[in-house]
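Observations on the model geometry
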Amino acid sequence: MNYYIADTHFGHKNAIVFDNRPFADVEEMDRILIENWNSRVRDEDEVYIIGDFAFRSKHPYEWYLKQLKGHKHLIQGNHDRGLIKDEAALACFESIDPLLGIFDNDKKIVLCHYPIAEWYGYFKGVWHIYGHIHLGLRGETGAFMRTKERALNAGCMINHYMPVTFPELVANNEWFRRDATNQEAGISHSDNGFWKH
């Protein structure tokens, strides 16, 4: 089984504020992210981390990686520079790439941390999974990417703070697109039924 997740930002205190994450502190965030991950991923599963795994943590990268199940593949993000220089962390990955094309059942997918306006195979039904812009509720990039039917944001904050399958990623992004459109239109909403941990 393939799973996808982006922008976990393990150990990064400012990510809680930046994303309005529902955690009291970094320790709770790290614990919930690890628990959520291991509640669904099995040792034999493939997990594609679409960048920004950890940042400014008091723990070494391997402290997280050795606790997390699955065969881990890193798609490099802007906050992964330290990680890819850490030999102990590198040993925990099956692969590390800046950009990667994969198959997930009958789907062709381009993985890149950064959102791409027109990716390889764009006109041939290829999907794009990205991260980087987090919730992207403000700014032209977030609004633009929400118009792309086959572009999916793997940010953990959109995907219940856990790795998700391709169908789950599609469903979560559809919900997020509708919710973001409602917010921009000033329609009140409640996200209490959406965010789970």
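Here the structure is a predicted model, which is why all the values come from computation and not from measurement. (Residues numbered from 1 in each chain as written. Predicted model: local features only at pLDDT ≥ 70, side-chain atom pairs only at ≥ 80, totals over all residues. Heavy atoms only, no water.)

**Considering the confidence of the model for the chain**
Taken as a whole, the chain shows an average pLDDT of 89; of its residues, 89% reach a score of 70 or greater. Low pLDDT (under 50) marks residues 187–197, which in the prediction has 19 contacts with non-local residues, meaning those over four places away or in another chain. (pLDDT = per-residue confidence, 0-100. Contact = heavy atoms within 4.5 Å.)

**Some points on helix 2 (residues 26–40)**
Here helix 2 spans 22 Å end to end across 15 residues, near enough to the 21 Å set by a 1.5 Å rise per residue. Within helix 2, the full set of buried residues consists of V26, M29, D30, I32, L33, I34, N36, W37 and N38. Those residues of helix 2 that are buried are in contact with strand 1 (2–5), helix 1 (13–18), strand 2 (46–49), helix 3 (61–65) and strand 3 (71–75). For helix 2, the capping residue at the N-terminal end is D25, with a side-chain oxygen 3.3 Å from the backbone nitrogen of E27. (Helix = DSSP H or I, 4+ residues; strand = E, 2+ residues; numbered from the N terminus. Expected span 1.5 Å × (residues − 1). Buried < 20%, exposed > 50% of the residue type's maximum accessible area, 1.4 Å probe, protein only. Polar contact = N/O pair within 3.5 Å; in protein donor to acceptor, adjacent residues only side chain to side chain.)

**Thoughts on the sheet that holds strand 1**
One open sheet accounts for four strands, arranged 1-2-3-4; its pairing is parallel. Each edge of the open sheet is held by one strand with a lone partner, namely strand 1 and strand 4 (93–97). Averaged over all pairs of adjacent strands, the angle between strand axes in this sheet comes to 20°, irrespective of strand direction. Taken together, the four bridges between strand 3 and strand 4 define a ladder with parallel strand orientation. Following the sheet pairing, L74 is matched in strand 4 by I96. (Pairing = 2+ DSSP bridges. Axes fitted to C-alpha atoms, helices over the stretch in contact; angles between N-to-C directions.)

**Regarding the packing of aromatic side chains**
Applying the stated criterion to the full structure yields nine aromatic pairs. Aromatic pair W63 and Y64: ring centres 5.0 Å apart, planes at 85°, arrangement edge-to-face. Taking 5.0 Å as the distance between ring centres and 90° as the angle between the ring planes, the aromatic pair formed by W127 and F166 counts as edge-to-face. Within this pair, whereas W127 is found in strand 7 (residues 127–130), its partner F166 is found in helix 6 (residues 166–184), the two being separated by 39 residues in sequence. Exposure remark for W127: the relative accessible area of 13% places this residue in the buried category. We classify F166 as buried; its relative accessible area is 8%. Cluster of aromatic residues (ring-pair linked, three or more members): F10, F53, W63 and Y64. The cationic tip of R150 hangs over the ring face of Y122; the distance from NZ or CZ to the ring centre is 5.9 Å. (Phe/Tyr/Trp six-rings, centres within 6.5 Å; stacked < 30°, edge-to-face > 60°. Lys NZ or Arg CZ within 6 Å of the ring centre and 35° of its normal.)

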